[in-house]
Amino acid sequence: MEIVVKILYSLVIVVALLLSVLILIQPSKSGGFGGVFGGVGESVFGARAGSHLTKATVIMTVVFFVLALTLASLIGHTKSSESSGLDLEKVGVEAPAAPAAPAAAQK
């Protein structure tokens, strides 16, 4: 199960990076950050790239959310099945010591 979680983490990171690149290269209506690169999206992908980039962005967004929800579900089930309550020994917290006897009771 641990290997699946690591693979999903890796996929989420890769998809997030690809999604960021897709969003940044899209031409915007007001120039925005897409115009900083001199219309890279239009020159590389053609004049009708807007519709293709938009479709790719929607698909990558759906993939990102599905991966994130799957990862959250797996991690939630793993944590709840490992321990049902808070185990102080696992956390490294010592159990409180018994209180010392009062001085009057010792005489």
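For every chain, the first residue of its written sequence is number 1, and the numbers climb from 1 along that sequence. This being a predicted model, a pLDDT of at least 70 is required before a residue's local features are given, and a value of 80 or more before pairs of side-chain atoms are given or counted; all residues contribute to the totals for chains, interfaces and linings. Water and hydrogen atoms were dropped before computing side-chain values, which therefore reflect all heavy atoms in the structure.

Asks: Could you give an account of the pattern of salt bridges, naming the residues involved and the relevant values?
Replies: By definition here, a salt bridge exists when the distance from a side-chain nitrogen of Lys or Arg to a carboxyl oxygen of Asp or Glu is within 4 Å. Counted under the stated rule, the structure contains 1 salt bridge. Linking Lys 6 and Glu 2 is a salt bridge whose minimum nitrogen-to-oxygen distance equals 3.9 Å. Within this pair, Lys 6 and its partner Glu 2 are both found in helix α1 (residues 2–25), separated by 4 residues, close to a single helical turn. By the burial criterion, Lys 6 is exposed, and Glu 2 matches it. Here a strand is any run of E in DSSP of at least two residues, a helix any run of H or I of at least four, and the numbering for each starts at the N terminus. Exposed residues in this analysis have more than 50% of their type's maximum accessible area, buried residues have under 20%, and partly exposed residues fall in between, with area computed by a 1.4 Å probe over protein chains only.

Asks: Before we move on, can you summarise the packing of aromatic side chains with the specific residues and values?
Replies: A ring pair, where both rings are aromatic, is described by two values, the distance of the centres and the angle of the planes. The rule is short: rings of Phe, Tyr and Trp, with Trp giving its six-membered ring, pair when the centres are within 6.5 Å, and they are stacked under 30 degrees, edge-to-face over 60, tilted in between. Tallied over the full model, the rule gives 1 aromatic pair. Seen from their ring centres, Phe 64 and Phe 65 are 5.7 Å apart, and the 75° between their planes marks the pair as edge-to-face. In this structure Phe 64 comes out as partly exposed when scored by relative accessible area, which is 22%.

Asks: Can you tell me about the nonpolar core, naming the residues and giving the values?
Replies: Judged by nonpolar contacts, Val 5, Leu 8, Val 12, Val 15, Leu 19, Leu 22, Ile 25, Leu 53, Met 60, Leu 67, Leu 71 and Leu 74 together constitute the single largest core of 12 residues. Mapped onto this core, the elements with two or more residues apiece are α1 and α3 (49–82). Ranked by residue count, the leading element in this core is α1, at 7 residues. We define the nonpolar core as a collection of buried residues of types Ala, Val, Leu, Ile, Met, Phe, Trp, Tyr and Cys that are connected through side-chain atoms lying within 4.5 Å of one another.

Asks: Give a detailed account of the confidence of the model for the protein chain, specifying residues and quantitative values.
Replies: Any residue range with low pLDDT should be treated as having predicted coordinates unsuitable for detailed reading. Scored from 0 to 100, pLDDT reflects the predictor's confidence in each residue. This prediction gives the protein chain a mean pLDDT of 76; 55% of its residues lie at or above 70. Per-element averaging of pLDDT across the protein chain places helix α2 (residues 40–45) at the bottom with 55 and α1 at the top with 94.

Asks: Hey, could you go over the environment of Ser 20 for me, with residue numbers and the actual values?
Replies: Along the polypeptide, Ser 20 turns up in helix α1. Residue Ser 20 is classed as partly exposed on the basis of its relative accessible area, which comes to 38%. A C-alpha to C-alpha distance of 9.9 Å links Ser 20 and Met 60, two positions 40 residues apart in sequence.

Asks: Tell me what's going on with a nonpolar patch on the surface, and back it up with residues and numbers.
Replies: Like charges are joined within 9 Å and nonpolar side chains (Val, Leu, Ile, Met, Phe, Trp, Tyr) within 5 Å, but only among residues with over 30% relative accessible area and no salt bridge; these make up the patches. Here the open area of atoms and residues is found with the Shrake-Rupley method and a 1.4 Å probe, where only the protein chains shown may cover a residue. On the surface, a nonpolar cluster with roughly 290 Å² of combined accessible area is contributed by Ile 3, Ile 7 and Leu 11. Positionally, Ile 7 belongs in helix α1.

Asks: Hey, could you go over α1 for me, with residue numbers and the actual values?
Replies: What a helix should span is 1.5 Å times the count of its residues minus one. With 24 residues, α1 extends 35 Å from end C-alpha to end C-alpha; this agrees with the ideal 34 Å at 1.5 Å per step. Of all the residues in α1, the buried ones are Val 5, Leu 8, Val 12, Val 15, Leu 19, Leu 22 and Ile 25.

Asks: Give a detailed account of the side chain of Thr 57, specifying residues and quantitative values.
Replies: Relative to the assigned elements, Thr 57 resides in helix α3. Classification of Thr 57 as buried rests on a relative accessible area of 13%. Two residues form a contact once any of their heavy atoms are found within 4.5 Å. With residues near it in sequence (within four places) discarded, Thr 57 still touches Leu 19, Leu 22, Ile 23 and Gln 26.

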